[in-house]
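# Summary of structural features
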Amino acid sequence: MTIEEIIKKAEVKLTLNDSDKERIMRAFEFAKAAHGVQKRKSGDLYIEHPLMVAYGVAEMGLDASAIVAALLHDVCEDTTCAPETLEKNFGKDVLFLVDGVTKLDKIRFHGTEREAENLRKMFLAIAEDIRVVLIKLMDRRHNMKTLSSLPPEKQKRIALETLELYAPLAYRLGIGEIKGQLEDLAFPYVYPKEHEWLIEQVKDPLVLRQKYAERLIPLVKKELEAENIHYRDVHGRGKHLFSLYKKLLKYEMDINKIFDLVAVRVVVGTIEECYGALGVVHKLWRPMPGLVKDYIALPKPNGYRSIHTTVFGPEGRVTEFQIRTEEMHIQAEQGIAAHWAYSESKSGNIYRERQTVFADKKQLEWVNQLRDWQKEFRNPDEFIESLKIDFFKNRIFVLTPKGDVIDLPEGATPVDFAYQVHTDIGNQAAGARVNAKMVPLDHELHNGDVIEVITQKNKKPSSDWLKFVKTAGAKKRIQVALRETREAIAFSRRGGQMVELRLAIKDRIGLLKDVSEIVADFKINMKSITSETKNRLYPLIVIHAPFKNKEQLEKMMVKMKNITGVEEVSYTFIN
Ligand code: MN
């Protein structure tokens, strides 16, 4: 790989001025000098790695700063170089990007607390600048390609992390192609036996299917021309290996049941032509009922759009077609990177017209949603858990009676739906109708279902719901409602409830006196007051006292919080 090839690649998709080019050249020279004769485990000169990463970044159409940052991304980590030097030579923007990538390097996905902290940082970095994440994905892709030169334990860990963290991330960013590549690179390391088995299974069918698809293509082209539909491209596309493996798991490992082993992809100019092309395909061959999927009318949550249909082709073979516009095609391959710098072009060559326009806010909405969730969870394990539940699994779309689209994880129930619409609707849910039929509240929802929740005033959530809800949001709100109910009962039953108040404090003279005065003001008889200081940055004051009701307790909490030196107040019930 040479720096000239990278500049050439970048210029396919954006216009670089002289100072951009000079900056890229300078970054290359800087990185080359910094890494010197240092070698990768693979035996390559180290500089080969940043060059490959920069090439990927250029291929995605990111800007000159991102290319510069890709070239420099390992400079500070692996060699002695001060951040100030980077900033002085290449500017704040580049330092910021390199810094972001370096932070992501520290991520180890095992699910422990310390690692979750890093995960959080990673996601914050995404929200701040998507380029950081895209550089990191390219970095990971190249590291995966050279993984065989690392020791086996390392291979396994890195491959697993790629499968669990990076590939789902690429998917969520809508970069299907990169997701497929990352999974296929990780597959043999994580599931070596299964990989070997699959290669053996797939060898012949794949070749046969490929040939079959090639026979279909001229037939489709001819019919499209007859119908005056201007296609840009019709090609066969083989399924990625790991996604094939996952599909086989669902179909009793029977390769004959996989209809999209090789799919025929039809790329046309406009949305109208997509539906026109669908008509053409259905006129040629009978569609399989229930397998027409219109992701143009109802895009997937990651933004994927296309029409899929499965037909009984010639020789009785079942084949999948994927129909899309050129714009949809680029988005499917490049996801958020395409949005990031995409501006629509009338002239036909989309790439040439692209300017550095930042993705509009809506495209990045899920990133903000993620950041909000992250704030809601204090415990990092809980956060990872919620990512697993909500974020990385497949999503479904369902509709309200008014036709609003609600995005839920697979396996979600009417209760999840109700909480997604409004907390009150969730709390008061008494029953549900799906497609006008009454269903139990734990009924599994499917794509395209229309859901009406029947509410009842003063109805309370049941703890049974926790067993079947799929969204972290519903789970959390049910727990809050249940706790409130429990507390109300506890207060009413005994006309008083013993409570343990915990105050985290920055100690000062007179603080304890202020605290006890407030308790006295409420005319409450404290049972005990103690303090815990061991191993604590903020010592705790622990008070045991009886309260008449929740209002009284809450009022006191507010007063305590207002004392100078009290950092945090919490409570639990004790018997
Ligand atoms: Mn690297």
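All of these numbers come straight from a predicted model, not from anything done at the bench.

## Notes on the pattern of salt bridges
Considering all chains together, one arrives at 27 salt bridges under this definition. Of the charged contacts, one joins Arg-131 and Asp-63 as a salt bridge, the two residues approaching to 3.0 Å between their closest N and O atoms. Of the two residues, Arg-131 sits in helix 9 (residues 130-145) while Asp-63 sits in the loop between helix 3 (48-59) and helix 4 (64-72), which places them 68 residues apart along the sequence. Exposure remark for Arg-131: the relative accessible area of 3% places this residue in the buried category. The salt bridge partner of Lys-513 is Glu-517, with a shortest N-O separation of 3.6 Å. Placement of both Lys-513 and Glu-517 in helix 23 (residues 511-521) is noted, with a separation of four residues, approximately one turn of the helix. You can call Lys-513 exposed: its relative accessible area is 54%. Residues participating in the shared-partner salt-bridge network are Arg-483, Glu-487, Lys-550 and Glu-554.

## With respect to the packing of aromatic side chains
For the structure on display, the rule yields ten aromatic pairs. Ring centres of Phe-187 and Tyr-191 lie 6.5 Å apart, and the angle between their planes is 65°; this geometry places the pair in the edge-to-face category. When its relative accessible area of 32% is taken as the criterion, Tyr-191 is described as partly exposed. Note on Tyr-571 and Phe-573: the rings are 6.0 Å apart at their centroids and 35° apart in plane angle, and the pair reads as tilted. Tyr-571 sits in the buried class, given a relative accessible area of 15%. We classify Phe-573 as partly exposed; its relative accessible area is 26%. The structure contains a cluster of three or more aromatic residues connected by ring pairs, namely Phe-187, Tyr-191, Phe-242 and Tyr-245.

## Remarks on the coordination of the manganese ion
Protein coordination of the manganese ion is provided by His-49 (NE2), His-73 (NE2), Asp-74 (OD) and Asp-139 (OD), with donor distances spanning 2.2 to 2.3 Å. By relative accessible area, His-49 is classed as buried at 1%.

## Observations regarding helix 11 (residues 176-190)
For helix 11, spanning 15 residues, the distance from its first C-alpha to its last is 20 Å, which sits close to the expected 21 Å at 1.5 Å a residue. Those residues of helix 11 not exposed but buried are Ile-178, Lys-179, Gly-180, Leu-182, Glu-183, Ala-186, Phe-187 and Val-190.

## Considerations on unusual backbone geometry
In this structure, Asn-228 takes a positive phi of about 65° despite not being glycine. Following the sequence through the fold, Asn-228 ends up in the loop between helix 12 (192-226) and strand 1 (231-238). With phi around 50°, Asn-435 is a residue other than glycine that occupies positive phi space. If you trace the backbone, Asn-435 turns up in the loop between strand 9 (429-434) and strand 10 (437-439). Here Asn-435 falls in the partly exposed class, since its relative accessible area comes to 44%.

## Here we look at the sheet that holds strand 14 (residues 540-547)
Judged by pairing direction, the sheet is antiparallel, and its four strands sit side by side in the order 13-14-12-15 without closing on themselves. Two strands in the sheet have a free side with no partner beyond their single neighbour: strand 13 (528-532) and strand 15 (566-573). Recorded for the sheet is a direction-independent mean angle of 20° between the axes of neighbouring strands. Looking at chain direction, strand 13 and strand 14 are connected through five bridges and run antiparallel. Paired with Ser-528 across the bridge in strand 14 is His-544. Along the sheet, helix 23 makes contact with strand 12 (497-505), strand 13, strand 14 and strand 15, crossing strand 14 at roughly 10°. Each of strand 12, strand 14 and strand 15 is contacted by helix 24 (residues 550-561), which is oriented at about 160° to strand 15, the strand it contacts most.

Cut-offs applied
- Residues numbered from 1 in each chain as written.
- Predicted model: local features only at pLDDT ≥ 70, side-chain atom pairs only at ≥ 80, totals over all residues.
- Heavy atoms only, no water.
- Salt bridge = Lys/Arg side-chain N within 4 Å of Asp/Glu carboxyl O.
- Helix = DSSP H or I, 4+ residues; strand = E, 2+ residues; numbered from the N terminus.
- Buried < 20%, exposed > 50% of the residue type's maximum accessible area, 1.4 Å probe, protein only.
- Phe/Tyr/Trp six-rings, centres within 6.5 Å; stacked < 30°, edge-to-face > 60°.
- Donors = N, O, S within 2.8 Å, 3.2 Å for Na, K, Ca; no water.
- Expected span 1.5 Å × (residues − 1).
- Pairing = 2+ DSSP bridges.
- Axes fitted to C-alpha atoms, helices over the stretch in contact; angles between N-to-C directions.
- Contact = heavy atoms within 4.5 Å.

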